[in-house]
Amino acid sequence: MSSPSPELEPGPTRGVSRRPAILALCLGGFGIGTTEFVAMGLLPEMSSGLGISEPTAGHLISAYALGVVIGAPTIAALSARVPRRTLLIALMVAFTVGNVASVLAPSYPTLMVARFVAGLPHGAYFGVAALVAAYLAEPGHRAKAVATVMMGLSVANVVGVPVATWIGQGLGWRSAFALVAVIGVATVAALAAWIPRLDGMPVTNPVTELGALRRVQVWMTLIVGMVGFGGMFAVYSYISSTLTEVSGLAKSLVPLALMIYGVGMVAGNYLGGYLADRALMQGLFGAMAAMAVILAVFVLAVRNPVTALVFVFLVGVAGSSLVPGLQTRLMDVAEDAQTLAASLNHAALNIANAFGAWIGGVVIAAGYGYTAPAAVGSMLAVAGLGVLAAAVILQRRAAAAAAT
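Quick caveat, the model's predicted, so the values are computed rather than measured.

Each value, and the rule that gives it
- Residues numbered from 1 in each chain as written.
- Predicted model: local features only at pLDDT ≥ 70, side-chain atom pairs only at ≥ 80, totals over all residues.
- Heavy atoms only, no water.
- Helix = DSSP H or I, 4+ residues; strand = E, 2+ residues; numbered from the N terminus.
- Rg over C-alpha atoms; globule rule 2.2 N^0.38 Å.
- Buried < 20%, exposed > 50% of the residue type's maximum accessible area, 1.4 Å probe, protein only.
- Contact = heavy atoms within 4.5 Å.
- Areas by Shrake-Rupley, 256 points an atom, 1.4 Å probe, with all protein chains shown as cover.
- 1 Å grid on protein atoms, 1.4 Å probe; cavity = no way out; pocket = protein on both sides within 12 Å on 5 of 7 lines; lining within 4 Å.
- Points joined across faces, edges and corners; volume = space filled by probe spheres on them.
- Nonpolar A, V, L, I, M, F, W, Y, C, P; charged D, E, K, R; others polar.
- Expected span 1.5 Å × (residues − 1).
- Polar contact = N/O pair within 3.5 Å; in protein donor to acceptor, adjacent residues only side chain to side chain.
- Axes fitted to C-alpha atoms, helices over the stretch in contact; angles between N-to-C directions.
- Parallel < 35°, antiparallel > 145°, perpendicular 65-115°, else oblique.
- Left-handed = near helix turned anticlockwise from the far one by under 90°.
- Core = buried A, V, L, I, M, F, W, Y, C linked by side-chain atoms within 4.5 Å.

*Asks:* Please clarify how the overall build of the chain should be interpreted in this entry.
*Replies:* Within the chain one finds 16 helices and 0 strands. A globule of 404 residues ought to have a C-alpha radius of gyration of about 22 Å, and the chain, at 20 Å, matches this closely. For the chain, the residues scored as buried account for 59% of the 404 residues in total. Pairs at least 24 apart in sequence give 87% of the contacts found in the chain among residues at least 6 apart. In the form shown here, the chain has an accessible surface area of approximately 14600 Å², with 71% of it arising from carbon and sulfur atoms.

Now the structure itself:
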């Protein structure tokens, strides 16, 4: 495995400035996580309010994900020379504008555009935030610092998504995105106040960053995320209707279920950061295998409200435990193109988001019911394991060839 470039080495701006800086980065993740996942909990309300079917409303999730997929590599490459602090603030301003547009969108087509725009800064923000956190981290704690930033995404599912879902159910789905816009404004202020200048953190150039796309291990790590996460999002995209239609859970308890999922994400994020600092590849294999098993059992467990909630928690644990490891591995194998590679991780996960929402809608619309996405998802997780194994084999062969 190639060693991390100087951009990932701990910088001089530590101590007093580190904790509030990472808190500001985490707050941005909280806002992004809330807007990404709240749409999944409010699909019935959005479809009813817009006069469309629920599978059609699911395309709004795909529109946001498509924005992430396009925005992550494009912004990361074109902004390679922009100072990291300035870039973070600009990305969060764009995110806030996209959510304000979601509140004001008068129709389904305009809302599709607004969700796409809101998704554009997502991947680049997390990619740059991960690099800044790693730069500020103490030696030996890169993955933990990255996991702390990603914790905002997880905490969003404990607090942000349930609260926004509850508000959206009571005051209309637009109010949920209004809440996200307020979080965006607060994040812009926090970034401006708490992120240091980062003068010692080097910038690159578009040509160097695009060099990440020539590295086989970068692509294979991205494919692991795209394939392995598709099943999780297939389940979570339709979790509201699954719990009410199959598990028999009262609609008023859906926010509680989303909170339980969020608690699982927090636990998994912490676990993933711990494992990535100590046994990166073993942790990735374990998390992906757990995902395959949990989604397979979910098909049966979801038929009882108690076991359904238990497995909602476990899906959150397995899914989020993969993120710090994938992020860290991408930064390692990208060498001098880490901004693009780190951003591409979230593009990959949102391809999984879009694909998962799409395939979940397909099997539901085909009449297989709300348990079918979990069955398909388990098979996707197994495929992700296969890709990860192939990546390790290729890496070992390359290392052996280089040593001879």
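Having seen it, we continue.
*Asks:* What's the story with empty space enclosed by the protein in this structure? I'm lost.
*Replies:* A probe matching the size of a water molecule, rolled over the atoms, marks out where space remains unfilled. Summed over all chains, the structure comprises 3 cavities of 30 Å³ or more. Space inside the largest cavity adds up to approximately 170 Å³. Considering the residues around the largest cavity, the lining is formed by 19 residues, among which Phe-37, Leu-153, Met-265, Val-323 and Leu-349 are closest to the centre. Residue assignment for the lining of the largest cavity shows that the elements contributing at least two residues are α1 (18-41), α6 (142-171), α10 (230-236), α12 (254-278), α14 (305-333) and α15 (338-368). Among the residues forming the lining of the largest cavity, the class breakdown is 10 nonpolar, 8 polar and 1 charged.

*Asks:* Looking at this structure, how should I read α14?
*Replies:* Side chains of residues three or four places apart in an α-helix project in the same direction, reflecting 3.6 residues per turn. Spanning 29 residues, α14 covers 43 Å between terminal C-alpha atoms, matching the ideal 42 Å at 1.5 Å per step. With respect to burial, α14 is a largely interior element, 23 of its 29 residues being buried. Backbone nitrogen of Val-306 and a side-chain oxygen of the N-cap are separated by 2.9 Å at the start of α14; the cap is Asn-304. Looking one or two residues past α14, Glu-335 carries a phi angle of roughly 60 degrees, positive in sign.

*Asks:* For this particular structure, what's the right way to read the side chain of Ser-102?
*Replies:* With respect to the helices, strands and loops of the structure, Ser-102 is situated in helix α4 (residues 84-104). The buried category is assigned to Ser-102, whose relative accessible area is 0%. One polar contact links the side chain of Ser-102 to the main-chain carbonyl oxygen of Gly-98, over a distance of 3.0 Å. Look past the residues within four positions of Ser-102 in its chain and what remains in contact with it is Leu-111, Ala-114, Arg-115, Trp-173, Arg-174 and Phe-177.

*Asks:* Before we go on, may I ask you to explain the packing of α1 against helix α7 (residues 173-194) in this structure?
*Replies:* In helix packing, the relevant descriptors are the interaxial angle and the interaxial distance, both defined with respect to the helix axes. Interhelical geometry of α1 versus α7 gives an angle of 165 degrees and a closest axis separation of 9 Å. Relative to α7, the element α1 is oriented roughly antiparallel. As for how α1 packs across α7, the hand of that crossing is left-handed. A per-class count over the contact of α1 with α7 returns 17 nonpolar, 5 polar and no charged.

*Asks:* Would you mind showing me how to read the nonpolar core here?
*Replies:* A general tendency of soluble globular proteins is for nonpolar side chains to be buried together. Among the nonpolar cores identified, the biggest contains 109 residues, and Leu-25, Tyr-125, Leu-191, Phe-229 and Phe-298 are the most heavily contacted of them. The element best represented in this core is helix α5 (residues 108-136), accounting for 15 residues. By size, the runner-up hydrophobic cluster in this structure holds 14 residues, among which are Ala-76, Ala-212, Leu-222 and Leu-330.

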